[in-house]
Amino acid sequence: MDGNKNLPPLELSAFPILPSSPGTSNKPQPGQRDNASSWFRFNIHVHAELSKSRRRWRLAFLYIFASKALIPPHLAKEIEIISVNNKQLPSMFQHTDSYILDIPDADEIHQRAIQPIDLQKLNQIVKDKNLDDLRELGGVQGAAATLQIDLECGIRGNEDVIRRRDDFGSNTYQKPPPKGFVYFVLEAFKDNTILILLVCAILSLGFGIKENGPKDGWYDGGSISIAIFLVVIVSAGSNFRQSRQFEKLSSISNDIQVEVIRDSHRQKISIFNIVVGDVVCLKIGDQIPADGLFLDGYSLQVDESSMTGESDHVDVDASENPFLLSGAKVVDGHGRMLVTSVGMQTEWGKLMSSINCDSSERTPLQARLDKLTSSIGKIGLTVAFLVLVVLLVRYFTGNTEDENGNKEFDSNNTNVDKIFNAILRIVADSVTIVVVAIPEGLPLAVTLTLAYSMKQMMVDQAMVRKLSACETMGSATTICTDKTGTLTMNQMKVTEFWLGLEKMGNDALSTIATSVIELLHQGVGLNTTGNVYRPTSGAIPEFSGSPTEKAILSWAVSELSMDMEELKKNCTILHVESFNSEKKRSGISMKKKDEKTTHVHWKGAAEMILAMCSSYHESTEAMKPMDDDCRMKISQIIQDMAANSLRCIAFAHKKIIDEECRYSENKNAQQQCQEDGLTLLGLVGIKDPCRPGVKTAVKACEDAGVSIKMITGDNIFTARAIAIECGILKTNQDMNNGEIVEGVEFRNYTEEERMSKVDKIRVMARSSPFDKLLMVQCLKQKGHVVAVTGDGTNDAPALKEADIGLAMGIQGTEVAKESSDIVILDDNFASVVTVVRWGRCVYNNIQKFIQFQLTVNVAALVINFVAAVSAGEVPLTAVQLLWVNLIMDTLGALALATERPTKELMEKPPVGRTEPLITNVMWRNLMAQSLYQIIILLILQFKGTYIFKVNEKVKDTLIFNTFVLCQIFNEFNARKLEKKNVFEGIYKNWLFMGIIGITLIFQVIMVEILKKFADTERLDWGQWGVCIGIASMSWPIGWIFKHIPVPDKPFFSILKLQISKLL
């Protein structure tokens, strides 16, 4: 063998010879090489240029490997060796006891074995929906053979999943790169006022260095430049952080749970974990997670409008259209699909990779704030222009003095550089007034509070999909809620079983005739979208499906000894009528494999199934006709169960010889399950207890002025019982007073009747999605802000129509979630109330910040304007005003926008969408604080040197220090707009206290250390004490003014009314 060290490597591939019907053969799947019934085919590629002796070495290796390493001796005769340089080798080899061999790694052989023959071709077939090419490949079964997957068992083991992900890719798409920090820095520099200030700073820097030299001349221009960059960096950093937060929440919302078959049983996995070869279970409302082929199912229709733009629903079946494209939605039926391509190999993946997730959505509140910002900016611009004119006039007329008491401008002696420097200083001061006046912090405050509330709402089990929903929810006046899973726990259990007029006990299996038990097995086990899986014989079964399906299947397995696997083996389903919320029933037609008789089974809402029946079964197998008296008795049984908060489900059956076929317009035969002349098999009552805390949540909404309306598909008696249990209705509530209606009654009202009665309705039973949509439309026409919960595909129109659509995260379909604004992750009504509380908190936090910022704006504008007109100078320099702007805009927004919801928020009526942002209470508070600050600072401006016996420089520092400290103390006042105790709950908001501490520390640094940068002088302890004492007076002033009552009607409305009366 030494002479063959440098030979080209031997290429060997081994794979099982697959049967013509994959999934039905007993032969093993790839990787099960120890199974004695395996048939293997070996391909060996021997390079033609090799010598005869070297080819013989390779043939010897093949013989040794095949006979010793893979195949037991007694199966040597079954080995088929083919295609070795077009020569047939002997088909039998004599077994030898032992060899010394260097055998390839088993994992490597297995990895080669699962490679598809032509996956690229299969992907193209599915994308092009090329049925002819698919048939050439062997149809869906040929595709399964290509992907080497068992259609019944699915993928086996994590190793196979990992290998397929490595070979064929993951079900993710490449996202456009997110906006980086530099992007937000450049955006901040696009602000015109910042650019003007920057130009002034650069020119001032140049003139200063020219006049005073590099050592001292850089202070003025350099200080402004540093302050500008600080403001820009902090603002950009905040926006960058919020952008990352929105992207993170977006990725969470895209993480859909998908049901697949792996290791022979159903399990839910993330859509991102789907791999080629997965068998996916689809039902109404699901998003198709990848491209693939239809395997089996019934009445499957998909909406491909997201891909093709066509609104018509597409029928999917095994014979004419087995193609399923990623991104489409299932609108009817159910079925299974085989995944053929994932991620970037699909058209949906390519489309999504080209779409950038833009978090720049403008909410209604942001639009209103933009108008407010524009109005305030115009006022600030006017004041700044007046200050600019006054200062320029005073300068050129010789009415301003420098630090030494000399005139700044002398037409004969002042050089051009000094003139330009003075003009730049005046322009910079004026522009800085604009910077302070324009509340750039308002958009930042909205962004911060929205991002913070979104993050906290995720913790509280609510995922926001649309930013506007955060604030709109605070204005909600009506919540239309589902019952099942929202008000109740969705943990269903069968507690009653009636057969005809007889209530059955725990011994039902022994007292009911075998034929009736068999019919019940068929009605439960075949007419279902759920499934029963037993890992091993005797193990506890696992149930999948909706909570109702799981409850019925669990009951049938435990009480009636149903064996679902055996049932499916012995029966063939002919046709399925899928359940939907319109029909409130589902049906099948089926045959036993050894019979020609067709059986029809229906299951659904008890009174609807009862109306389809003309006879009923007794436990003795006897079938009795259903007369009016008997029908009344059974109806009473249904009502009694409903009055005990039980959901009533009925089973009915009919045996027919020749099933009728009706033909649609396109001549396709469509079997219809007969709906009349049925025999009632039985009734079950399913208990779904109310969620703990739901009664408290309902009361909290009522106290907050939010009306709760329960809309359910259950009958009127069950609906009433649950509504009483939840606190929506009172115990002695009369069913005829208009507060409880059925959907059919509501939709049959005239438009005038609906509009007059809709406010009074508290419960709507037996409703359809159309009824829910109709109610939402009526409520909106009456001026209500409506929130609606929904979980089904048919709820999508109501969710879109509502002001706030709330989809259920557990039971909700993907169609419902995509139509919603907020997803309630735990399906709990208490979480809906939490969303209302957070919505009000967002609005309240914005109002707090507006009050805080306008106080600063008014005080700064008035002080600078009065000082400029009277003294010819501004006490607050450009650098100082930029520092105030930083405190006010960024740090102030961060402190006030992160306040958590309080109890008093739910003690007020909803805030109307047209109500003014600045309320009378806010006007009262900000005018009180602004007036106090203006008076104090103007006294310091004109009498400060006399009162404190200090020079002008120290006086200006006292004004600056007092002004900043007033804002810090006023930040506490802003925490509570109406409550007098501004410190309540402050220990819970560590961020607020941290920001106050940081601001104080930096203020000390600005005054005591950065003297030249901030143009300040050091203050002694007494002067610091005076500044703090003056600023702290804002607390008692705020407390006193909050005792002054204000009218509820907006101040400007009253003013307009008085003016109109005078005119």
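Rules of the game
- Each chain carries its own residue numbering, running from 1 in the direction its sequence is written.
- With pLDDT at 70 or above as the cut-off, local features in this predicted model cover only qualifying residues; side-chain atom pairs require 80 or more to be listed or tallied, and sums for whole chains, interfaces and linings still use all residues.
- By convention in this description, side-chain values take in all heavy atoms of the structure and omit both hydrogens and water.
- UniProt positions are given in the numbering used here, feature names are shortened, and annotations may be inferred rather than shown by experiment.
- Helical segments are the DSSP runs of H or I of at least four residues, strand segments are the runs of E of at least two, and each set is numbered from the N terminus.
- Classification of residues uses two cut-offs on accessible area relative to the type maximum, computed with a 1.4 Å probe and protein chains only: under 20% is buried, over 50% is exposed, and between them is partly exposed.
- Working rule for contacts: check all heavy atoms of both residues, and any pair within 4.5 Å makes them a contact.
- The Shrake-Rupley method, run with a 1.4 Å probe sphere, supplies the accessible areas, and residue values consider only the shown protein chains as cover.
- In this description, strands pair whenever DSSP reports at least two bridges between them.
- Expected helix span is computed as 1.5 Å times (number of residues minus one).
- Note on aromatic pairs: the rings of Phe, Tyr and Trp (six-membered ring only in Trp) are paired at centre separations within 6.5 Å, and the planes decide the class, stacked below 30 degrees, edge-to-face beyond 60, tilted for the rest.

- Where an unreviewed UniProt entry is consulted, the protein chain appears under the name Calcium-transporting ATPase, with the organism given as Nelumbo nucifera.
- Under Subcellular location (unreviewed entry), UniProt gives the following word-for-word description of the protein chain: "Membrane".
- The Sequence similarities (unreviewed entry) comment attached to the protein chain in UniProt states, word for word, "Belongs to the cation transport ATPase (P-type) (TC 3.A.3) family. Type IIB subfamily."

1. A few points about the overall build of the protein chain
Next up, step 1: Helices and strands together make up the secondary structure of the protein chain, namely 37 helices and 31 strands.
Next up, step 2: In the protein chain, which comprises 1063 residues, the share counted as buried stands at 53%.
Next up, step 3: Across the protein chain, contacts joining residues at least 24 apart in sequence account for 73% of those joining residues at least 6 apart.
Next up, step 4: Total accessible area on the protein chain stands at roughly 48900 Å², and carbon and sulfur atoms take up 55% of it.

2. Quick notes on the pairing of strand E10 (residues 329-341)
Next up, step 1: Within E10, 12 of the 13 residues are buried, which leaves the element mostly enclosed by the surrounding structure.
Next up, step 2: Where strand E6 (residues 279-282) lies against E10, 4 bridges are found, and the strand directions are antiparallel. Across the sheet, the residue bridging to Val 280 is Met 337, located in E10.
Next up, step 3: Of the strand pairs in this sheet, strand E7 (residues 291-303) and E10 are connected by 10 bridges, and their pairing is antiparallel. Within the sheet, the bridge partner assigned to Phe 294 lies in E10 and is Met 337.

3. Some thoughts on helix H26 (residues 769-781)
Next up, step 1: Its 13 residues give H26 an end-to-end C-alpha distance of 19 Å, which sits within 8% of 18 Å, the value for a rise of 1.5 Å per residue.
Next up, step 2: All buried positions along H26 are accounted for by Pro 769, Asp 771, Lys 772, Leu 773, Leu 774, Met 775, Val 776, Cys 778 and Leu 779.
Next up, step 3: Following H26 by one or two positions, Gly 783 adopts a phi angle in the positive range, close to 90°.

4. Focus on the pairing of strand E20 (residues 613-617)
Next up, step 1: Judged by how many residues are buried, E20 sits mostly within the fold: 4 of 5 residues are covered.
Next up, step 2: Of the strand pairs in this sheet, E20 and strand E21 (residues 623-625) are connected by 3 bridges, and their pairing is antiparallel. Note that in E21 the partner of Ser 615 across the bridge is Pro 625.
Next up, step 3: Hairpin geometry of E20 and E21 is characterised by an intervening segment of 5 residues between the two adjacent antiparallel strands and by a positive phi of about 85° at Glu 621.

5. A word on the environment of Gly 335
Next up, step 1: Structurally, the position occupied by Gly 335 is in strand E10.
Next up, step 2: With residues near it in sequence (within four places) discarded, Gly 335 still touches Val 280, Cys 281, Leu 282, Asp 296, Gly 297 and Leu 300.

6. With respect to the packing of aromatic side chains
Next up, step 1: Scanning the entire structure with this criterion turns up 14 aromatic pairs.
Next up, step 2: Consider the rings of Phe 972 and Phe 983, whose centres lie 5.9 Å apart with planes at 55°: the pair is tilted. In this pair, Phe 972 sits in helix H32 (residues 952-974) while Phe 983 sits in the loop between H32 and helix H33 (990-1008), placing the two residues 11 residues apart along the sequence.
Next up, step 3: A relative accessible area of 9% places Phe 972 in the buried class.

7. Thoughts on unusual backbone geometry
Next up, step 1: In this structure, Ser 299 is a non-glycine residue whose phi angle is positive, near 55°.
Next up, step 2: Here Ser 299 shows up in strand E7.
Next up, step 3: Residue class for Ser 299 comes out partly exposed when judged on its relative accessible area of 34%.
Next up, step 4: One non-glycine residue, Glu 621, lies in positive phi territory at about 85°.

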